[in-house]
Amino acid sequence: MKTRSVLLQLLGGTQSAGRLRRWINLWPPFLGAGIRIKHIAPDMKAIDVEMKLHFWNANYVGTHFGVSLFAMTDAFYMLMLMANLGRDYIVWDKAATIRYRKPGRGTVWAEFRLFDSQIEEIREKLKTLPKYEPVFSVEVKDELGIVIAEVEKVLHVRKK
């Protein structure tokens, strides 16, 4: 639970996006896989992530290891919703699927975007439902902008 309280502290305040970016970039699972957050918007509605290909995150045929591609999409929508819904809501990652489209070589990247309409839809649903499980999608692309993987994230959201 200590990690969760640190994250909640990093999600609040005017300088929180920069602190959160630095903290996550030093988080051992991301650091070890070569995953880096390039940008977090101050309002936590946009996060850009990249991963360069290194010998330690390549598979036996010299392309990005699938688990590393999956890891680079983990938890971002959860963190974005936590920051934008506030402390009156509980947000958890519930499920995820990945569909590999092409081998990933070189630097790969993903852009996470959260829109006001999505936040409002969640708030509206939770006025009448005990829980809501929105689905978010993100594409992992290569340096040419070609989709190499598609990830679908299911989140669990409820009021405290």
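Residues numbered from 1 in each chain as written. Predicted model: local features only at pLDDT ≥ 70, side-chain atom pairs only at ≥ 80, totals over all residues. Heavy atoms only, no water.

Visitor: Just checking my understanding: could you explain the pattern of salt bridges for this structure?
Guide: Proximity of charged atoms lets side chains of opposite charge pair with each other. Going through the model one piece at a time under the given rule, you end up with 12 salt bridges. Residue Glu-124 is joined to Lys-127 by a salt bridge in which the shortest nitrogen-to-oxygen separation is 2.9 Å. The exposure class assigned to Glu-124 is partly exposed, which follows from its relative accessible area of 44%. For Lys-127, a relative accessible area of 62% translates into the label exposed. Because the salt bridges share partners, they merge into one network encompassing Asp-48, Glu-111 and Arg-113. (Salt bridge = Lys/Arg side-chain N within 4 Å of Asp/Glu carboxyl O. Buried < 20%, exposed > 50% of the residue type's maximum accessible area, 1.4 Å probe, protein only.)

Visitor: Help me out: how do you make sense of the sheet that holds strand 6 (residues 147-159) in this one?
Guide: Read from one edge to the other, the open sheet built from six strands follows the order 1-2-4-5-6-3, with strand pairing classed as antiparallel. Each having just a single partner strand, strand 1 (35-40) and strand 3 (89-100) make up the two edges of the open sheet. Averaged over neighbouring strand pairs, the angle between their axes works out to 25 degrees when direction is ignored. Bridge count for strand 3 against strand 6 is 11 bridges, and the pairing is antiparallel. The residue bridging Arg-99 from the neighbouring strand is Glu-150, located in strand 6. The sheet strands contacting helix 5 (residues 76-85) are strand 1, strand 2 (46-51), strand 3, strand 4 (108-113), strand 5 (135-141) and strand 6, and the helix crosses strand 3 at an angle near 155 degrees. (Pairing = 2+ DSSP bridges. Helix = DSSP H or I, 4+ residues; strand = E, 2+ residues; numbered from the N terminus. Axes fitted to C-alpha atoms, helices over the stretch in contact; angles between N-to-C directions. Contact = heavy atoms within 4.5 Å.)

Visitor: I tried to follow the side chain of Thr-107 on my own but got confused; where do I start?
Guide: Checked against the element boundaries, Thr-107 lands in the loop between strand 3 and strand 4. Under the relative-accessibility criterion, Thr-107 is labelled buried at 16%.

Visitor: What exactly am I supposed to notice about the environment of Leu-129 here?
Guide: Residue placement: Leu-129 occurs in the loop between helix 6 (116-125) and strand 5. Once the C-alpha coordinates of Leu-129 and Arg-101 are considered, the two residues, 28 residues apart in sequence, prove to be 36 Å apart.

Visitor: Looking at this model, I keep getting lost on helix 5. Mind explaining?
Guide: Count 3.6 residues to each turn of an α-helix, and residues three or four apart come out pointing the same way. Counting buried positions along helix 5 gives nine out of 10 residues, so the element sits mostly inside the fold. Listing the buried residues of helix 5 in full gives Phe-76, Tyr-77, Met-78, Leu-79, Met-80, Leu-81, Met-82, Asn-84 and Leu-85. Note on helix 5: the residue one or two positions beyond its end, Gly-86, has a positive phi of about 95 degrees.

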